[in-house]
Amino acid sequence: MTCNRILAYRLAVLFSLAAVWLASFGLQPALADEFDTLADRARGQTVYFNAWGGSPTVNGYIAWAGDQVKARYGITLVHVKLTDTADAVARILAEKTAGKTAGGSVDLVWVNGENFASLKRQNLLRDDEWAFSLPSFSFTDPAVLPGLTSDFATPTDGLESPWGRAQLVFGYDTAYVPRPPRSATALVDWLKQDGNQGRFTFPLPPDFTGTSFLKQVLLEVSPDRSVFDAPAPSDKAETDAALAPLWAWLDDVLPYLWREGRHYPANYTDMVRMLGDGEVAIAMAFNPSKFSNDISAGVLPDTVRTYIHDGGTLANVHFVAIPFNANASEGARVVADFLLSPEAQLRKANPDIWGDPTVLSMARLSADAAAAFAALPRGIATLSDAELSASLAEPHPSWVAVIERGWAARYAAN
């Protein structure tokens, strides 16, 4: 059997499993023949993929994906390099305002968070559940990774297809911390022990990682975290009540933080350096590979390892979406499916290529595909995909400003 025939057989098996799983999820699968029809219609199209272009690593990966969809489907993929995704959002909105309902300049856009919320709110996206019907979507598991269908608490409704993920991880030096605290509550107990006082801090909010840590604690200590799935209420008394557990947690730990909470590192880079210098015993980052990369670079000792909290840590997913007036909608769907395929996700997860964590569920993959992911080089401090499987969905983006204002009012003057 040739390599191509082996690949075709494995894909047939995977798509059969996909159909069974999608049926159990209550979704309508795109059958193989339907996808073939879609691919036939996409042949010869040019897909203008608007995506951040600030990283040679990312740019190289997109160029590889372009070569693949050209060879397999006859689709030309043009990477429109953005410095800010909001530029693409503004362009799509301008086209709608001008009445351009077809032949738009954007076929596919890399997006998540507030930009997706803005596109959805203004009806600027293809309005069916196209992402749920992609064959490759069957390799994901929204029950385990809620961020697949809830983009910063905005339901995706199948209007965007997952592409990659980020997750908060903690790094610690095993030379000083034999058993790291694996919850916000355990962290308080650990900080109060002799020898640990002053050995922990977090980046100063509104730094992204610092605010993310506050969100992590908030979700862990709140009696009803579902409150944060909805937009923050305008009534201050309601937001004060919702955030009260977070402020109580901070009031408790403040005297035991590095420099008693009077000073904070500016960002996670500074905090990781402090871990390397031994000033703190635990640091954090939103890239699970960060600590391994810094060990390789000599910034951290090789005794550093990572962990997440037992109840999961904050994670978010980035997506690709199709505008309402895309000129090559069929080609965009075929490209989105390829980007989500086990083959493309495996290459993207390789730290020698990009190192972006996969959105696929190992339990949804064939044994061979799961083994290929398990065999990826990870670095000595990077957790496995299975170890990173416990995650928490991001609160609605409107809570960020509320948390940061509350932080500034209570603690910034310390």
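Residue positions are given per chain, counted from 1 along the sequence in the order it is written. Predicted model: local features are reported for residues with pLDDT of at least 70 only, side-chain atom pairs are reported and counted for 80 or more only, and whole-chain, interface and lining totals are derived from all residues. Only heavy atoms go into the side-chain values, all of them from the structure, while hydrogens and water stay out.

Grouped burial of nonpolar side chains is what soluble globular proteins tend to show. For the purposes of this section, nonpolar cores are sets of buried Ala, Val, Leu, Ile, Met, Phe, Trp, Tyr and Cys residues that join through side-chain atoms within 4.5 Å. Here the term buried applies to any residue with accessible area under 20% of the maximum for its type, exposed to any over 50%, and partly exposed to those in between, with areas from a 1.4 Å probe on protein chains only. Core analysis: the largest hydrophobic core is formed by 57 residues, its most contacted members being Phe-200, Phe-202, Phe-213, Trp-249, Leu-250 and Phe-291. By definition, any uninterrupted DSSP run of H or I lasting at least four residues is a helix, any uninterrupted run of E lasting at least two residues is a strand, and each is numbered from the N terminus. Take this core: its biggest share by element is seven residues, from helix H8 (residues 236–253). Counting 50 residues, the second-largest nonpolar core is a separate cluster that includes Ile-62, Phe-137, Trp-163 and Ala-349.

Pairing is antiparallel in the open sheet, where three strands are placed in the order S8-S7-S9. Two strands bound the open sheet, and with one partner strand each, they are strand S8 (282–285) and strand S9 (304–307). Adjacent strand axes in the sheet meet at a mean angle of 30° when their direction is disregarded. Strands in contact with helix H9 (residues 268–277) are strand S7 (169–173), S8 and S9; relative to S8, the strand with the most contacts, it is inclined by about 150°. Two strands pair under a simple rule: DSSP has to find at least two bridges between them. Axis lines are fitted through C-alpha atoms, for helices just across the contact stretch, and the angle between N-to-C directions can take any value from 0 to 180 degrees. Whether two residues are in contact is decided by their heavy atoms: any pair within 4.5 Å suffices.

A word on the pattern of salt bridges. Salt-bridge detection follows one rule: a side-chain nitrogen of Lys or Arg within 4 Å of a carboxyl oxygen of Asp or Glu. One pass over the full model with this rule turns up 13 salt bridges. Across the pair Asp-277 and Arg-273 runs a salt bridge, and its minimum N-O distance is 2.9 Å. Linking Asp-277 with Arg-273, this pair stays in helix H9, spanning four residues, or about one helical turn. The salt bridge partner of Asp-356 is Lys-348, with a shortest N-O separation of 2.8 Å. Here Lys-348 falls in the buried class, since its relative accessible area comes to 0%. A single network of salt bridges, built from pairs that share partners, joins Arg-273, Asp-277 and Glu-279.

Quick look at the packing of aromatic side chains now. By convention, a stacked pair of Phe, Tyr or Trp rings (six-membered ring in the case of Trp) has centres within 6.5 Å and planes under 30 degrees apart, an edge-to-face pair has planes over 60 apart, and any other such pair is tilted. Tallied over the entire structure, the rule returns 23 aromatic pairs. When the centroid spacing of 5.2 Å and the interplanar angle of 50° are considered together, the rings of Phe-132 and Phe-137 count as tilted. Classification of Phe-137 by relative accessible area gives buried; the value is 1%. Geometrically, the ring pair formed by Phe-200 and Phe-213 is tilted, given 5.6 Å between the ring centres and 55° between the ring planes. Highlighted residues: Phe-200 in the loop between helix H6 (184–192) and helix H7 (208–221) and Phe-213 in helix H7, separated in sequence by 13 residues.

On to helix H14 (residues 398–411), then. Compared with the 20 Å implied by 1.5 Å per residue over 14 residues, the 21 Å span of H14 between its first and last C-alpha is a close match. Where the residues of H14 are buried, they touch H7 and H8. Every helix has an expected span of 1.5 Å times one less than the residues it contains.

Another aspect to go through is the pairing of strand S1 (residues 46–52). Of the pairings in the sheet, the one linking S1 to strand S2 (residues 76–82) comprises seven bridges and is parallel in character. Its bridge partner being in S2, Ala-51 is matched across the sheet by Lys-81. With helix H3 (residues 56–73) bridging S1 and the parallel S2, this β-α-β connection has right-handed handedness. In terms of strand pairing, S1 meets strand S3 (residues 108–111) through two bridges, oriented parallel. Bridging across to S3, Phe-49 finds its partner in Leu-108. Call a crossover right-handed when, viewed with both strands pointing away from you, the route from the first strand across the helix to the second goes clockwise.

Take the environment of Pro-180 next. By the secondary structure assignment, Pro-180 is in the loop between S7 and H6. In this structure Pro-180 comes out as buried when scored by relative accessible area, which is 10%. With 19 residues separating them along the chain, Pro-180 and Arg-199 place their C-alpha atoms 12 Å apart. Pro-180 has contacts with Tyr-172 and Tyr-307, leaving out every residue within four places of it along the chain.

This part takes up the packing of helix H11 (residues 329–340) against helix H12 (residues 342–349). Where H11 meets H12, the closest approach of the two axes is 4 Å, and the angle between their N-to-C directions is 55°. In terms of axis orientation, H11 runs oblique to H12. Residue-level inspection shows Phe-338, Leu-339 and Leu-340 of H11 in contact with H12, the latter providing Pro-342, Glu-343, Ala-344 and Gln-345. Lys, Arg, Asp and Glu make up the charged group, whereas Ala, Val, Leu, Ile, Met, Phe, Trp, Tyr, Cys and Pro make up the nonpolar group; the residues left over, Gly among them, are polar. Taken together, the residues of the contact of H11 with H12 sort by class into five nonpolar, one polar and one charged. For classification purposes, angles smaller than 35 degrees are called roughly parallel, those larger than 145 roughly antiparallel, those between 65 and 115 roughly perpendicular, and all remaining angles oblique.

The subject of this paragraph is the side chain of Asp-207. Here Asp-207 shows up in the loop between H6 and H7. In summary, the charge assignment counts Lys and Arg as positive and Asp and Glu as negative, without counting His or the chain termini. Of the side chains bearing the opposite charge, Lys-215 lies closest to the buried Asp-207, which forms no salt bridge; the N-O distance is 11 Å. Any pair of N or O atoms that falls within 3.5 Å is considered a polar contact. Within protein, one atom must be able to donate a hydrogen and the other to accept it, and sequence-neighbouring residues count only if both atoms are side-chain atoms. Of note is the side chain of Asp-207, whose polar atom sits 3.0 Å from the backbone nitrogen of Thr-209. Setting aside residues up to four positions removed in sequence, Asp-207 forms contacts with Ala-266, Asn-267 and Tyr-268.

Attention shifts here to the environment of Pro-155. Mapped onto the fold, Pro-155 is located in strand S5 (residues 154–155). Sequence separation of Pro-155 and Arg-182 is 27 residues, and the distance between their C-alpha atoms is 29 Å. Residues contacting Pro-155, with those up to four places away along its chain left out, are Phe-116, Lys-120, Thr-149 and Ser-150.

What follows is about the confidence of the model for the chain. pLDDT is a residue-level measure of predictor confidence that goes from 0 to 100. Here the chain averages 89 in pLDDT, and 92% of its residues register 70 or above. When mean pLDDT is taken per element in the chain, H11 scores highest with 98 and helix H1 (residues 3–25) scores lowest with 42. Long-range and interchain partners of residues 1–30, a stretch whose pLDDT sits below 50, account for 27 contacts in this model, where long-range means more than four residues apart.

Moving on to the packing of H8 against H14. The N-to-C vectors of H8 and H14 enclose an angle of 50°; their axes lie 11 Å apart at closest approach. When the axis of H8 is compared with that of H14, the two are oblique. In this structure, H8 meets H14 at a crossing whose hand is right-handed. Contacts between H8 and H14 involve Thr-239, Ala-242, Leu-243, Leu-246, Trp-247, Leu-250 and Asp-251 from the former and Trp-399, Val-402, Ile-403, Gly-406, Trp-407, Arg-410 and Tyr-411 from the latter. Class assignment of the residues belonging to the contact of H8 with H14 gives a composition of 10 nonpolar, two polar and two charged. It is the rotation of the near helix from the far one that decides the hand of a crossing: anticlockwise by less than a right angle makes it left-handed, clockwise makes it right-handed.

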